Amino acid sequence: MAGDPLSLSLSPQEAKVLKGLARQAVGLRVPEEELSAQLSLTIETVRGSLERLKAKGLTVSSETHERILRLSPRGVEAREKGLPERRLVKVLSGGPLPQEEAQARCGLDGKEFAAAIGQLRREKALRIGEKLELEVPDPQGVRASEQVLGFLAGSEEVPPGLLPVAELMVKRGLLASEPVTHRAWSASENGRAIADLVGDRPSIGALTSEHLRTGSWLTAQFRPYDLRAQVPFITGPRRHEYLSWLREVEQLLLGLGFEERRGPIVETDFYNNDALFIPQSHPARTAQDVLFVEGATGKTPEESLLRRVKNIHEGRPPEEGEAPLSEGWGGEFNVEWSRRLLLRSQTTNLSVRYLLEHPTPPFRMYSIGPVFRRESLDAKHHIQFDQCEGVYGGEGVSLRNLLGLFTTMAREMGAGEVRFKPSYFPFTEPSVEGYVKHPRMGWMEVLPGGMFRPEVLRPLGIKVPVAAWGIGVMRLAMVSLGIDDIREIYGNRLDRLAESRV
Amino acid sequence: MPQATLSTRTLFQILGSEISPREVEDLLFRTKVELHEVKDPEMMVEVTHDRLDLLCESGLANLLSGLLHQRPLATLPPTLSPSGFSVRVDPSVAPLRPEIALAVVRAPEGSGIDAGLLSELIKFQEILHTSLGINRREGSIGLYPLRGLVSPLTYSLEKVEGLRFTPLAVEGVPSSGEQDVSEFLSSHPMALKYGSLGHTKDRTLVLKDSAGTLLSLPPILNAAKHGEIRVGEKEVLIESTGKNSRTVRDLVGYMMLPFVTRGWTVHSTTNVVQGNGPSEPRWATLRKVAIASSTAEHLLGRPIGAAKIHQDLMAAGFDAEVRGPEFSVRVPPWRPDVLGEVDLVEEVMVLEGIASFPPQESGHQTQGRMLPLSRYSEKLAEILLGMGYQEAHTPVLLPRDLSRRLCPEKSTLELSNPVSEELSVVRSTLLPSLMLALSLNTGQSYPQRLYEIADVVEVAPETPTGSSTRLHLCAVLAGEGAGFANAMALLERLMRVIGSSAVREPGNELGGIPGRVAELSLAGEKLAVVGEVHPEILVDLKLQQPVCWTEIDLTLLWTLKGNGPRDAVPS
């Protein structure tokens, strides 16, 4: 089939030629003319097939070069009318003649006449005086030239003895000399193997519905393809590489018994900070770091929840008659701040909202979603990045379980050993940071977490210990996927996404 | 995180022994200190925000001594002896910088400030100024030789006119002798830097003693003679002024540490606020925090024993009286990070070493599950992928101008303090995000198909967050021939597999070609929009191909399909 990308498919003629060659003794080269005769195919068909088979690596050829002589148009004319020198000899055989008369009688033009004189002079057969006079009646050279013309006119080879004469006639333009290449062929090793596969049944290139409908494929044979041939470049749509990576993290968490939560991106300061016991004076709560929403406020939470959180921040008993949980942050808690709307700076707001649902212990919850900080934009930082976080609560849950969870996560992500170091987060105590070793970047802090403080749990009415963790998944994904610039994740370049590694 | 460069010589001198850099590194990995570099005679450390006490040689020496020798270097008696010094706080300071705290420190017999202590004090003071003091705005510290000062001091806001002052020489600015305060305030580099925190138009904050000696102009600079600490000094007054009492108390508390670590004693002072009578600072009697050993064992996950917990806390510098499994410890003034019981639990963890709490898989069985809406949207994603749409991931924030042209203004929230115009509006539909994604792909072959399933935020004044975070699905097709029919065909395909039929009505969505936008409503609510993007927007985004889009509110769809509130996105 024309344009078949698999060029190894053999046409019927190619198959015939290849089989013909393969029948020959190993090492024997067969001239193409001979092959043409043997296979009853035209020489053109045989040559074409042999060339295509050679391109496929199925045949090899060797060449011999020679020259053939034939009559040029002037040679043909000389054969018919006689050589110029013969014509001159003829007119002079009757006796010497003046030049002009001799030329007129033999009917040669100036150039031919000069050539005729030159030839006869070379043979010392002509004396040039006032008249032209023949000294040898039948010059041998003229006869030899006529013999050459005779051989070639009769399609005979010029005998070796006459070849010097023929060379001179080539120079005179009476003969044409052409190089000729003779090629002899044999099948390559691969060609012999393929020839064995090619049967005499009709062969099929691309399988068509007609083959199937008619059943013709049953008696046909399938032409083998060149399995190394180039094929067309195809590409296509798929999942975003980063989101695919996140889905793997999600699968890991689902396998570890975590249930998913989603929630508000625009959040009140209460759930983003106050409920997490982050002091209102904390530098990260200012407009330097947090993105606030223009011209809109939210609602304060349920009154008793707000009261407990306020009391705890101020270092007072959560409820009248109780003991204070801790020193708190001192100063006066500004209730107005609780209503401020901002883009959540951490997904921990979802942990607070989840715990407010009072899940039955033991419980495990995860969320993955965007968080926002007022970073300046560069290759490593964007205002928006994703956080993956979760809580794990229940009777007897301890820091060791959190470390166990981190160890499992690191193992499942293929990160190997985890080292733990004490850390600090306003809403957990004790707090830890898990480090994993990256082959290129050394120890990296990737697994922060801790046990929620009583100041967080008490107002929410949670009575069991709760381990909380939050992973900067975007940074981890960049390291894991080899992405150097965070903007590539949001760039959605189609060729990159289509060809990203799985 | 806050950092400091510390002198290893001073550190080892205080510690009483030298330890190898390797050993320092191993010990500090067990703590909240991150060691960046040890290069004799200096080391660079970074600490977590709660442990500013570790940003001086004394703090680090105390920590290492606890870990190595199970004993702290700095201890205080339960109740400090009074110094006899007091400060009268004039009500005039209230609007500008209302709080002041003082403490007096005295050297042990035959001792005094040496070069190591002086250098540590100067560096530590500056670190506290920038960190906790937030460049002196929230709080600042002054140190004064006590000799020659006459109690009570007065902290007041005084008229600048007629006030004279000899500024302390500071780095790069030698003392210029006595001058008018007005001149000082308008010309001295320190006044130009911090002056706005300490004076109004014609008045300035002043600290002076009963003899009328001017000690300093808080928070700008001390006076030359009475505000300069020199080697050999045996009695020092530590002062802090600031906006709130907690900050000034903590600043003075931190500054005690280098003195107490070297055996100095601390003595309390009295504040007299007009109309309120005298008050003692809170550290006159060290505050107590109770701990039950069971809390530590439960949180940390293994038996430790009350005696061991007691020993650990003593080693960490908390004086403890044991009364069985529950006891109280006294918290020194330089450990304001200890708010309650759990902070002591963390101290136990550090002293025991995290490595002694091996990770443990829990025996709890819980069921992992995605939200039904997430599972549902995954199924729709599969359909879109099958139809040749590439998944995209775009930011939630949009350029203001694009949002105004594609998102209805009344349902869209803007930021009050955006970092750039490009990221200043919270998207209320996904279309603009995908249009931007297309505009970043103009060099690629067409047709292009993109989809995204992600959150958008709509204004919803009646909800607690003033907004509603909703899951949307949007698909765009760009290329020759992309038009309304493609978008509608896609929507109909999705609606068929969703199993809903909706009413098709003409829409007037922003950004669409008039007459080529349709809305689909279900139960009277707008569920989906399809249409052709207006060429004005295409041209602005440098897109030379027609674009059509399909957008569905999946949160609404899910709710209308009769699913419980648990599955909806809470707002």
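As a convention, each chain's residues are numbered from 1 in the sequence order in which they are written. Lettering of chains starts at A and numbering of ligands starts at 1, both following the order in which they are written. Only residues with pLDDT of at least 70 are given local features in this predicted model, and only at 80 or more are side-chain atom pairs given and counted; all residues enter the totals for whole chains, interfaces and linings.

Peer 1: Give me the lowdown on the overall build of chain A, citing residues and values where you can.
Peer 2: Per the convention used, a helix needs a DSSP run of H or I reaching at least four residues, while a strand needs a run of E reaching at least two, with both numbered from the N terminus. Along the backbone of chain A there are 20 helices and 17 strands. Our radius of gyration is a C-alpha quantity, and the globule rule it is checked against amounts to 2.2 Å times the number of residues to the power 0.38. In terms of C-alpha radius of gyration, chain A reaches 50 Å, well past the compact-globule figure of 23 Å for 502 residues. In terms of overall dimensions, chain A has C-alpha extents of about 160 × 60 × 40 Å along its principal axes. Counting other C-beta atoms within 10 Å of a residue's C-beta gives its exposure: the residue is buried at 20 or more, exposed at 12 or fewer, and partly exposed in between, where C-beta atoms are placed from the backbone. Residues classed as buried in chain A amount to 41% of the 502 residues present. In chain A, once contacts between residues fewer than 6 apart in sequence are set aside, the share between residues at least 24 apart is 67%. Any two residues are considered in contact once their C-beta atoms, placed from the backbone, lie within 7 Å.

Peer 1: Tell me about the overall build of chain B, and name the residues and values.
Peer 2: What chain B contains, in helices and strands, is 16 helices and 28 strands. By the compact-globule yardstick of 25 Å for 571 residues, chain B is too spread out, its C-alpha radius of gyration being 33 Å. Taking all 571 residues of chain B together, 49% fall into the buried category. Summarising the internal contacts of chain B: among those between residues at least 6 apart in sequence, 68% fall at separations of at least 24.

Peer 1: So, the interface of chain A and chain B: which residues are in play, and what are the values?
Peer 2: Tallying the contact residues gives 77 residues for chain A and 76 residues for chain B. Side-chain classes follow a simple rule in which Ala, Val, Leu, Ile, Met, Phe, Trp, Tyr, Cys and Pro form the nonpolar group, Asp, Glu, Lys and Arg form the charged group, and the remainder, Gly included, forms the polar group. In the side of chain A that touches chain B, the residues fall into 37 nonpolar, 22 polar and 18 charged.

Peer 1: I'd love a proper account of helix α8 (residues 293-300) of chain B, names of residues and values included.
Peer 2: Residues and elements named next belong to chain B. Turning to α8, its buried residues are Ser293, Thr295, Ala296, Leu299 and Leu300. End-on view of α8: buried residues confined to an arc of 160°, all on one side of the axis. Of the residues one or two after α8, Gly301 is the one with positive phi, at around 90°. What the arc measures is the spread of directions leading from the helix axis to the C-beta atoms.

Peer 1: Describe the domain arrangement of chain B, listing the residues and the values that go with them.
Peer 2: Residue and element names in this part refer to chain B. Note that the domain bounds were set by an automatic or database domain assignment. Here chain B is described as being made up of domain 1 (3-69), domain 2 (81-282), domain 3 (287-354) and domain 4 (372-560). Between domain 1 and domain 2, the C-alpha centre-to-centre distance is 28 Å. Every contact between the two is made by 13 residues of domain 1 and, on the other side, 11 residues of domain 2. If you list the elements that add at least two residues to the side of domain 1 that touches domain 2, you get α1 (8-15) and α3 (57-69). Per element, the largest residue contribution to the side of domain 1 that touches domain 2 is five residues, and it comes from α3. A class-by-class count of the residues in the side of domain 1 that touches domain 2 yields six nonpolar, five polar and two charged.

Peer 1: Outline the domain arrangement of chain A, listing residues and values.
Peer 2: Per the domain assignment, the segments making up chain A are domain 1 (12-65 + 182-222), domain 2 (73-173) and domain 3 (243-499). Using only C-alpha atoms to locate each centre, domain 1 of chain A and domain 3 of chain A end up separated by 72 Å.

Peer 1: Can you lay out the nonpolar core for me, pointing to particular residues and giving the numbers?
Peer 2: The biggest cluster of nonpolar side chains holds 87 residues, and the ones touching the most others in it are Val466 and Ala467 of chain A together with Leu344 and Val348 of chain B. Those residues in contact with Val466 of chain A that sit more than four places away from it in its chain are Val391, Tyr392, Gly393, Val397, Phe452 and Leu457 of chain A. Of all hydrophobic cores here, the second largest spans 78 residues; its members include Ala74, Phe85, Tyr254 and Trp264 of chain B. Note on definitions: a nonpolar core is a set of buried residues drawn from Ala, Val, Leu, Ile, Met, Phe, Trp, Tyr and Cys, linked by C-beta atoms within 7 Å.

Peer 1: Describe in detail helix α13 (residues 431-439) of chain B, supporting the description with residues and values.
Peer 2: With eight of nine residues buried, α13 of chain B is to be regarded as a mostly interior element. Those residues of α13 of chain B that fall on the buried side of the exposure criterion are Leu431, Pro432, Ser433, Leu434, Met435, Leu436, Ala437 and Leu438 of chain B.

Peer 1: A description of the sheet that holds strand β11 (residues 340-343) of chain A should follow, citing residues and the corresponding values.
Peer 2: Residues and elements named next belong to chain A. A pair of strands is labelled paired if DSSP reports no fewer than 2 bridges between them. Spatially, three strands are ordered β9-β11-β10 in an open sheet, and the strand pairing comes out antiparallel. Both edges of this open sheet fall to β9 (266-268) and β10 (292-297), since each of them pairs with a single strand only. Taken over all neighbouring pairs, the strand axes of this sheet differ in orientation by 35° on average, direction set aside. Note that β10 and β11 share two bridges and pair antiparallel. Note on β11: the bridge partner recorded for Phe292 is Leu342. Between N-to-C directions, angles span 0 to 180 degrees; the directions come from axes that are lines fitted to C-alpha atoms, helices contributing only their stretch in contact.

Peer 1: Describe in detail the confidence of the model for chain B, supporting the description with residues and values.
Peer 2: Residue and element names in this part refer to chain B. Think of pLDDT as the predictor's per-residue confidence, scored from 0 to 100. Averaged over every residue, the pLDDT of chain B is 92; the share at 70 or more is 98%. Taken element by element, the predicted model of chain B shows its lowest mean pLDDT in strand β15 (residues 277-279) (77) and its highest in strand β19 (residues 390-391) (98). Note that residues 564-571 has pLDDT below 50 and, in this model, 23 contacts with residues that lie over four places away or in other chains. Quick note on the complex model: pTM equals 0.80, ipTM equals 0.92.

Peer 1: Let's hear about the pairing of strand β25 (residues 503-506) of chain B: which residues, and what values?
Peer 2: Regular strands place their side chains on alternate faces of the sheet. All names here are of chain B. The pairing of β25 with strand β26 (residues 512-522) spans four bridges and is classified as antiparallel. Bridge assignment links Glu505 to a residue of β26, and that residue is Glu519. Linking two consecutive strands that pair antiparallel, namely β25 and β26, is a turn of five residues; a positive phi of about 85° is found at Gly511 within it.

Peer 1: Would you mind going over the pairing of strand β5 (residues 99-106) of chain B in detail, with residue names and values included?
Peer 2: Residues and elements named next belong to chain B. With seven of its eight residues buried, β5 lies for the most part within the structure. Across eight bridges, the pairing between β5 and strand β13 (residues 235-242) is antiparallel. If you follow Val105 over to β13, its bridge partner there is Val236. Judged from the three bridges that link them, β5 and strand β14 (residues 265-273) form a sheet pairing that is antiparallel. Bridging across to β14, Val105 finds its partner in Val266.

Peer 1: For the packing of helix α4 (residues 115-130) of chain B against helix α7 (residues 245-261) of chain B, give the residues involved together with the corresponding values.
Peer 2: For any two helices packed against each other, the geometry comes down to the angle between their axes and how far apart the axes lie. All names here are of chain B. Two elements in contact, α4 and α7, have axes separated by 10 Å at closest approach and are oriented at 160°. In terms of axis orientation, α4 runs roughly antiparallel to α7. With respect to the hand of their crossing, α4 and α7 are arranged in right-handed fashion. Here Leu117, Glu120, Leu121, Phe124, Gln125 and Leu128 of α4 come into contact with α7, specifically with Leu251, Tyr254, Met255 and Pro258. We call two directions roughly parallel when the angle between them is under 35 degrees, roughly antiparallel when it is over 145, roughly perpendicular when it lies between 65 and 115, and oblique otherwise. Crossing handedness is read from the near helix: turned anticlockwise from the far helix by less than a right angle, it gives a left-handed crossing, and turned clockwise, a right-handed one.

Peer 1: Describe in detail the sheet that holds strand β15 (residues 428-438) of chain A, supporting the description with residues and values.
Peer 2: Residue and element names in this part refer to chain A. The strand order across the open sheet formed by seven strands is β8-β12-β13-β17-β16-β15-β14, and the pairing between neighbours is mixed. At either margin of the open sheet sits one strand with a lone partner, and together these are β8 (259-260) and β14 (418-425). Inspection of the sheet shows strand β16 (residues 442-452) paired to strand β17 (residues 466-471) by three bridges, in the antiparallel sense. Within β17, the position partnered with Met451 by the bridge is Ala467.

Peer 1: Help me get a handle on the environment of Thr286 of chain A, residues and values and all.
Peer 2: Counting through the fold element by element, Thr286 of chain A comes out in the loop between α13 (269-272) and β10. Note: C-alpha distance between Thr286 of chain A and Glu112 of chain A (174 residues apart in sequence) is 111 Å.

Peer 1: Tell me about the packing of helix α1 (residues 12-22) of chain A against helix α10 (residues 189-197) of chain A, and please be specific about residues and values.
Peer 2: Residues and elements named next belong to chain A. For the pair α1 and α10, the least separation of the axes is 9 Å and the interaxial angle reads 115°. Two packed elements cross with a definite hand, and for α1 against α10 that hand is left-handed. For the pair formed by α1 and α10, the contact residues are Leu18, Lys19, Leu21 and Ala22 on the first element and Gly191, Arg192, Ile194 and Ala195 on the second. Its residues assigned to classes, the contact of α1 with α10 shows five nonpolar, one polar and two charged.

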